[in-house]
Amino acid sequence: MPSRKTTLRAGVALLAAATGLSLAAAPASAAQQHVPDGPKLARQLVKKVSITNLNRHLIAFQRLADRNGGNRAAGSPGHVASAEYIATKLENAGFVVTRQEFPFVYDETELATATVDGADLPVARMGYSQDTPVGGVTGPLAVVPADDTPGCEAADYDGVAAEGAVVLVSRGSCTFGQKALVAGEMGAAAVIIYNNGPGALNGTLGEVDPASAPAAGVTQEQGAALIAQEGASVTIDLQGLVEDRTTYNVIAETQTGRHNNVVMAGAHLDSVGDGAGINDNATGSAALLETAIQMGGSPKVNNAVRFAWWGAEEHGLVGSTHYVQNLTFEEQLDIALYLNFDMIGSPNAGYFIFDGDDSDGEGAGAGPYGSAQIEAAFANYFEEVGLPTEGTDFNGRSDYGEFILNGIPAGGLFTGGDGVKTEEQVAKWGGVAGQNYDPNYHTSRDNLGNVDRVAFDRMSDGVAWVIGSYATSTEDVNGVPPRAARAKTRVADKRTMAAEVAADPHSELR
Ligand code: DTR
Ligand code: ZN
Ligand code: ZN
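Residues numbered from 1 in each chain as written. Chains lettered and ligands numbered in written order. Predicted model: local features only at pLDDT ≥ 70, side-chain atom pairs only at ≥ 80, totals over all residues. Heavy atoms only, no water.

Assigned secondary structure in the protein consists of 15 helices and 14 strands. Looking at the 510 residues of the protein, the share that counts as buried comes to 54%. Sequence-distant contacts in the protein: of pairs separated by 6 or more residues, those separated by 24 or more amount to 79%. A total accessible area of about 20700 Å² is found for the protein, and carbon and sulfur atoms account for 53% of it. (Helix = DSSP H or I, 4+ residues; strand = E, 2+ residues; numbered from the N terminus. Buried < 20%, exposed > 50% of the residue type's maximum accessible area, 1.4 Å probe, protein only. Contact = heavy atoms within 4.5 Å. Areas by Shrake-Rupley, 256 points an atom, 1.4 Å probe, with all protein chains shown as cover.)

Formed by 71 residues in total, the largest nonpolar core has its most connected members in Leu90 and Leu339. By residue number, the principal contributor to this core is helix H13 (residues 453-472), which donates 10 residues. Among residues more than four places away in sequence, those in contact with leucine 339 are Val263, Met264, Ala265, Gly266, Ile374, Phe378, Gly411, Val466 and Ile467. (Core = buried A, V, L, I, M, F, W, Y, C linked by side-chain atoms within 4.5 Å.)

This next bit is on the site of ligand 1. In the neighbourhood of ligand 1, the contacting residues comprise His268, Asp280, Glu313, Glu314, Asp342, Met343, Phe354, Arg397, Ser398, Phe414, Tyr441 and His442. At a separation of 3.1 Å, an oxygen atom of ligand 1 approaches a polar side-chain atom of glutamate 314. For ligand 1, a nitrogen atom lies 3.2 Å from a polar atom in the side chain of aspartate 342. Relative to its free-state accessible area of 360 Å², ligand 1 is covered by the protein chains to the extent of 96%. Each residue belonging to the shell around ligand 1 can be placed in one class, and the counts come to 4 nonpolar, 3 polar and 5 charged. (Near = heavy atom within 4 Å. Polar contact = N/O pair within 3.5 Å; in protein donor to acceptor, adjacent residues only side chain to side chain. Nonpolar A, V, L, I, M, F, W, Y, C, P; charged D, E, K, R; others polar.)

So, about the packing of aromatic side chains. Applying the stated criterion across every chain yields a total of 19 aromatic pairs. With 3.9 Å between their ring centres and 5° between their planes, tyrosine 338 and phenylalanine 403 make a pair best called stacked. Of this pair, tyrosine 338 sits in strand E11 (residues 335-341) while phenylalanine 403 sits in helix H11 (residues 401-405); the two residues are 65 residues apart in sequence, bridging distant segments of the chain. Residue classification places tyrosine 338 among the buried positions, given a relative accessible area of 0%. Aromatic pair phenylalanine 352 and phenylalanine 414: ring centres 6.3 Å apart, planes at 40°, arrangement tilted. Within this pair, whereas phenylalanine 352 is found in strand E12 (residues 352-354), its partner phenylalanine 414 is found in strand E14 (residues 410-414), the two being separated by 62 residues in sequence. A connected cluster of aromatic rings, assembled from ring pairs, spans Tyr351, Phe352, Phe414, Trp429 and Tyr437. One residue, arginine 245, lies across the ring of tyrosine 106, its end atom 3.5 Å from the ring centre. Over the face of the ring belonging to tryptophan 429 we find lysine 428, whose NZ or CZ atom lies 4.9 Å from the ring centre. (Phe/Tyr/Trp six-rings, centres within 6.5 Å; stacked < 30°, edge-to-face > 60°. Lys NZ or Arg CZ within 6 Å of the ring centre and 35° of its normal.)

Our next topic: the coordination of the zinc ion (ligand 3). Here the zinc ion (ligand 3) is held by the protein donor atoms His268 (NE2), Asp280 (OD), Asp342 (OD) and Asp342 (OD), which lie 2.0 to 2.7 Å from it. Site description for the zinc ion (ligand 3): donor spacing in sequence, H-x11-D-x61-D. Distance-wise, the zinc ion (ligand 2) is placed 3.5 Å from the zinc ion (ligand 3), both being coordinated by aspartate 280. Residue histidine 268 is found in strand E9 (residues 258-268), and its partner aspartate 280 is found in helix H7 (residues 278-295); the two are separated by 12 residues along the sequence. Among the residues examined, histidine 268 registers a relative accessible area of 0% and is labelled buried. (Donors = N, O, S within 2.8 Å, 3.2 Å for Na, K, Ca; no water.)

Let us look at the coordination of the zinc ion (ligand 2). Ligation of the zinc ion (ligand 2) by protein atoms is provided by Asp280 (OD), Glu314 (OE), Glu314 (OE) and His442 (NE2), these donors lying 1.9 to 2.6 Å from the ion. Around the zinc ion (ligand 2) sit 6 donor atoms; with metal-centred angles ranging over 55 to 154°, the donor geometry is irregular. Sequence positions of the donors to the zinc ion (ligand 2) reduce to the motif D-x33-E-x127-H. (Tetrahedral: all angles 85-135°; square planar, octahedral: opposite > 155°, others 65-115°.)

Here we take up the packing of helix H3 (residues 51-66) against H7. It is at 9 Å that the axes of H3 and H7 come closest, and there the two elements cross at 130°. Classified by the angle between their axes, H3 and H7 sit oblique to one another. The chirality of how H3 crosses H7 is right-handed. On H7, the residues touching Asn53, Leu54, His57, Leu58, Phe61 and Gln62 of H3 are Ile278, Ala282, Thr283, Ser285, Ala286, Ala287, Leu289, Glu290, Ile293 and Gln294. (Axes fitted to C-alpha atoms, helices over the stretch in contact; angles between N-to-C directions. Parallel < 35°, antiparallel > 145°, perpendicular 65-115°, else oblique. Left-handed = near helix turned anticlockwise from the far one by under 90°.)

Our next topic: the state of the cysteines. On inspection of all chains with the given rule, the structure shows 1 disulfide. Between cysteine 152 and cysteine 174 runs a disulfide, and the two sulfur atoms are separated by 2.1 Å. One quick way to see it: the torsion about the S-S bond of cysteine 152 and cysteine 174 is about -90°, and its sign makes the bridge left-handed. Residue cysteine 152 is located in the loop between strand E4 (137-143) and strand E5 (166-170), and its partner cysteine 174 is located in the loop between E5 and helix H5 (176-185); the two are separated by 22 residues in the primary sequence. Here cysteine 174 falls in the partly exposed class, since its relative accessible area comes to 21%. (Disulfide = S-S within 2.5 Å.)

Below, the discussion takes up a nonpolar patch on the surface. Among the surface-exposed residues, Val105, Val208 and Val242 lie close enough to one another that they form a single nonpolar patch of about 190 Å² accessible area. On the secondary structure map, valine 242 appears in strand E8 (residues 233-253). Judged by relative accessible area, valine 242 falls into the partly exposed class, the value being 33%. (Patch = residues over 30% accessible without salt bridge, like charges linked within 9 Å, V, L, I, M, F, W, Y side chains within 5 Å. Salt bridge = Lys/Arg side-chain N within 4 Å of Asp/Glu carboxyl O.)

In this structure, methionine 186 sits in the loop between H5 and strand E6 (190-194). With 19 residues separating them along the chain, methionine 186 and valine 167 place their C-alpha atoms 9.8 Å apart.

To continue, consider the packing of H3 against H13. Two quantities define a packed helix pair, namely the angle between the axes and the distance from one axis to the other. With their axes 10 Å apart at the nearest point, H3 and H13 run at an angle of 110° to one another. Relative to H13, the element H3 is oriented roughly perpendicular. For the pair H3 and H13, the crossing hand works out as right-handed. Here Ile51, Leu54, Asn55 and Leu58 of H3 come into contact with H13, specifically with Arg453, Phe456, Asp457 and Ser460.

The next point concerns unusual backbone geometry. A negative phi angle is the norm for most residues apart from glycine, just as the trans form is the norm for most peptide bonds. For the bond running from aspartate 280 to asparagine 281, omega is 5°, close enough to zero to count as cis. With respect to the helices, strands and loops of the structure, asparagine 281 is situated in helix H7. Although it is not a glycine, aspartate 117 sits at a positive phi angle of roughly 45°. Examined against the element boundaries, aspartate 117 turns out to sit in the loop between strand E1 (96-116) and strand E2 (119-120). Residue histidine 442 is not a glycine yet carries a positive backbone phi of 60°. Given a relative accessible area of 11%, histidine 442 falls into the buried group.

Rendered as structure tokens:
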């Protein structure tokens, strides 16, 4: 990934972070904070969105999880409590709040155990996995050789005695769902997928498929150990609760500003079932909430701002997809752009901006027209405050997906999840090379201790800045000028017209 320019100020700020100075001494404290020149609202919001208030929201979400079974998953009481916390704060700030209900397929792991020749093997059931028979299924361990597309097609099983076996497959290339389906078609009793990088493998098949084999994930190290145990007797017991449920998105829009040129910003509020989801995604949810509170329901803006807290992102981006698909084309046209904030306080943080112009040339390509400008808006802000950033691919793994599919320009921030931090990134940002940006991603350890509050504070300032800027003008994204400029242009046009008319005796007007 290409790096952006590192400025002197960045060096100083990062030194503070790397030496572990306390937040009070960090460069983002209100008194010394460098706020770039720009729209008044953007400047005000950056000053008002404080880590003190942001952190208070994180504490609230942790407590609401603790009081409701330890998570805030879609379709659970912890999510409802979180959604109503947000709704109450918004109403107190002068917003009218909408709850948009939608159906989704709930999934929860009830049991995931395994033994290899009698010794316990910790496994993570994949989301939407088929159940094994109650009490587990036993079969010989069969290793599927790892090629470029491991376990992705039937040919990968040539020479593998898969029938009735527990097959071992590497992560990589195709989806977990594809691997589980091929394993099922080969007659495997279950499939264990091992990671191809550091950390746990907490994956999902994405949807229920009765033809797929029951599936679980293990670490790369466990995978290597299992390869050496080919033929061992494996017993694996995977049980899940999968059922139709409903949940809801929370949506609120400023009363002021143009409602036909709306700046939309979203964060998913739901967590996975395994934990409180504080980095993923109480951070993005809190940044939006505090920005909305500081803005108030009737700010002086040219463009209306619409905030969304999506439900069931962790069940396949269900809430945001439902939302976009339920808008008419005209209603979609009313949205000037969409900003996404999912995981913005990772403990081993990277500073990523969605790669709107595809300058990194990775995977998905550029976003719709305007996405490059959105990326530049974030990049320019962070360059001004001296924080180097990198691009991150629109790989479809968060709620911007349905927006860009429908041609709505998008952008946003991300501090990294199950990816691995490089040496070069450590050189400019600090942290630990060779480790995940969030080593606790999708686990019970994604709690209040799993947030780098300096990173969270910096990213939240970026959220506030860009929302405040686009509430003022989206001209660079879609050509809609700010109201004042448009009014001035109109007056100027009228004057020019009048002068021309006066000067030209042969005009069409007379
Ligand atoms: N969708 C997130 C994690 C995630 C993975 N890659 C990206 C890229 C950009 C934003 C988020 C993510 C989750 O909720 O698990
Ligand atoms: Zn997640
Ligand atoms: Zn997330």
